[in-house]
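# Geometric and topological summary
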Amino acid sequence: MKILQPPGWPRPKGYANGVAVRGQMVFVAGMIGWDAEGRFHTDDLAGQVRQALANIVAVLAEAGARPEHIVRMTWYVTDKREYLAQQREIGQAYKELIGSYNAAMTAIEVSALVEDRAKVEIEVTAVIPDA
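Residues numbered from 1 in each chain as written. Predicted model: local features only at pLDDT ≥ 70, side-chain atom pairs only at ≥ 80, totals over all residues. Heavy atoms only, no water.

## Structural notes on the nonpolar core
- Counting 26 residues, the largest nonpolar core has L53, I56, M73, W75 and I122 as the members making the most contacts within it.
- Only β3 (23–32), α1 (45–62), β4 (70–77), α3 (87–97) and β6 (120–129) provide two or more residues apiece to this core.
- Here this core gets 7 residues from one element, more than from any other, and that element is α1.
- Look past the residues within four positions of L53 in its chain and what remains in contact with it is M73, W75, A93, Y94, L97, I98 and I122. (Core = buried A, V, L, I, M, F, W, Y, C linked by side-chain atoms within 4.5 Å. Buried < 20%, exposed > 50% of the residue type's maximum accessible area, 1.4 Å probe, protein only. Helix = DSSP H or I, 4+ residues; strand = E, 2+ residues; numbered from the N terminus. Contact = heavy atoms within 4.5 Å.)

Have a look at this one:
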């Protein structure tokens, strides 16, 4: 994976400006904070982020991919202020489950998600490098 960082640009906090890779692409649909049986265990945003990230890791594993293969993430959150207030807890969950901050990321506040209790939905693109 090559991180795309134009000269003189400040390094973004928590993501990469761009990423270049070669390999097998894996696309993960938007994952929300419920478990494998479709049950929410918390209405806390950071808790739902942790579960959504665990769901992403599980789907990636089905393709033989690992978190370090993630090249792009799109986060949809229902409350920007809540997201900013819980950045520390969200960052901790991210570090534990995903690891590095090398993916290109976008975060978008939306008015609602299809599942009423969902506070976050995260889409992922990963690339398994060529051997």
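What follows continues from the structure just given.
## A few points about α1
- If you check α1, its first and last C-alpha atoms are 26 Å apart, about what 18 residues at 1.5 Å a residue would give, namely 26 Å.
- Residues of α1 that are buried make contact with β3, β4, α2 (80–85), α3 and β6.
- Two or three places before A46, at the start of α1, stands the capping residue D44, its side-chain oxygen 3.4 Å from that residue's backbone nitrogen.
- Looking at the residues trailing α1, positive phi occurs at G64, about 80°. (Expected span 1.5 Å × (residues − 1). Polar contact = N/O pair within 3.5 Å; in protein donor to acceptor, adjacent residues only side chain to side chain.)

## A short note on the pattern of salt bridges
- Overall, the coordinates contain 6 salt bridges when judged by the stated rule.
- A salt bridge links K119 to E82; its shortest N-O distance comes to 3.1 Å. Taken together, the positions of K119 in the loop between β5 (104–109) and β6 and E82 in helix α2 put the pair 37 residues apart, joining distant regions of the chain.
- K119 gets classed as partly exposed once you look at its relative accessible area, which sits at 22%. (Salt bridge = Lys/Arg side-chain N within 4 Å of Asp/Glu carboxyl O.)

## What about the pairing of β6?
- By the criterion of burial, β6 is predominantly enclosed, with 7 of the 10 residues buried.
- Pairing of β4 with β6 involves 7 bridges; the strand directions are antiparallel. Within β6, the position partnered with W75 by the bridge is I122. (Pairing = 2+ DSSP bridges.)

## Structural notes on α3
- Residues of α3 that are buried include every one of I90, G91, A93 and Y94, and no others. An end-on view of α3 places all buried positions within 160° of arc, on one side of the element. Summarising the geometry of α3, the exposed residues directed more than 90 degrees from the buried face are R88 and K95.
- Elements that come into contact with the buried residues of α3 comprise α1, β4, α2 and β5.
- G99 sits one or two positions beyond α3 and adopts a positive phi of about 105°. (Arc of directions from axis to C-beta.)

## Focus on the sheet that holds β5
- Overall, mixed pairing links the 4 strands, which are arranged β3-β6-β4-β5 in an open sheet. One side of each edge strand has no neighbouring strand; the edge strands of this open sheet are β3 and β5. Direction aside, the axes of adjacent strands within the sheet are offset by 10° on average.
- Pairing geometry for β3 and β6, over 8 bridges, is antiparallel. Counted as the bridge partner of M31 is I122 from β6.
- Strands in contact with α1 are β3, β4 and β6; relative to β3, the strand with the most contacts, it is inclined by about 145°. (Axes fitted to C-alpha atoms, helices over the stretch in contact; angles between N-to-C directions.)

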